[in-house]
Amino acid sequence: MTLRDSLTTTEPATFTIRVNGTPETTCARTLQAWVDARGVLPAALATAVNGNFVPRSQRAQQPLAEGDTILTFQPIEGG
């Protein structure tokens, strides 16, 4: 591999977040990408990042970074 090849190769950079209190390494840059990588139905999971609830409609706009904390829980519906 040449220097040029190494500069143009784009491997996803991983970083560490905490999920429900457990450290986890990820390369997901948004909450939506993280949910998608878990293979769960988005409607079956409620999420918060750094203590702030993130609605499903806003997950794609919610960035993730080193040290962030994700809390997942089962959504409560009804009324």
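This report concerns the structure included in the present document. (Residues numbered from 1 in each chain as written. Predicted model: local features only at pLDDT ≥ 70, side-chain atom pairs only at ≥ 80, totals over all residues. Heavy atoms only, no water.)

## Quick look at the sheet that holds strand 3 (residues 46–49)
So the rule is basically this: Between any two strands, pairing holds if DSSP finds at least two bridges. By the criteria applied, helices consist of DSSP H or I runs no shorter than four residues and strands consist of E runs no shorter than two, each listed in order from the N terminus. To obtain an axis, a line is fitted to C-alpha atoms, over the contacting stretch when the element is a helix, and the angle between two such axes runs from 0 to 180 degrees between their N-to-C directions.
The strand order across the open sheet built from five strands is 2-1-5-3-4, with neighbouring strands paired in mixed fashion. The open sheet has two free edges, formed respectively by strand 2 (22–26) and strand 4 (52–54), since each of these has just one partner strand. Here the strands of the sheet are splayed against their neighbours by 35 degrees on average, with no regard to which way each runs. Of the pairings in the sheet, the one linking strand 3 to strand 5 (residues 69–73) comprises four bridges and is antiparallel in character. Bridged to Ala46 within strand 5 is Phe73.

## A short note on the side chain of Thr26
As a reminder of what qualifies: Three labels apply to residues, based on accessible area from a 1.4 Å probe with only protein chains included: buried if under 20% of the type maximum, exposed if over 50%, partly exposed otherwise in between. N or O atoms within 3.5 Å of each other form a polar contact, as long as, within protein, one can give a hydrogen and the other can take it, and as long as residues adjacent in sequence are counted only when both atoms are side-chain atoms. We call two residues in contact whenever any of their non-hydrogen atoms come within 4.5 Å of each other.
With respect to the secondary-structure elements, Thr26 resides in strand 2. Residue Thr26 is classed as buried on the basis of its relative accessible area of 10%. Reaching out from Thr26, the side chain makes a polar contact with the backbone nitrogen of Ala28 at a distance of 3.0 Å. If we skip the residues at most four places from it in the chain, Thr26 touches Ala13, Thr14, Phe15, Ile17 and Trp34.

By themselves, these observations are geometric and do not establish any function.
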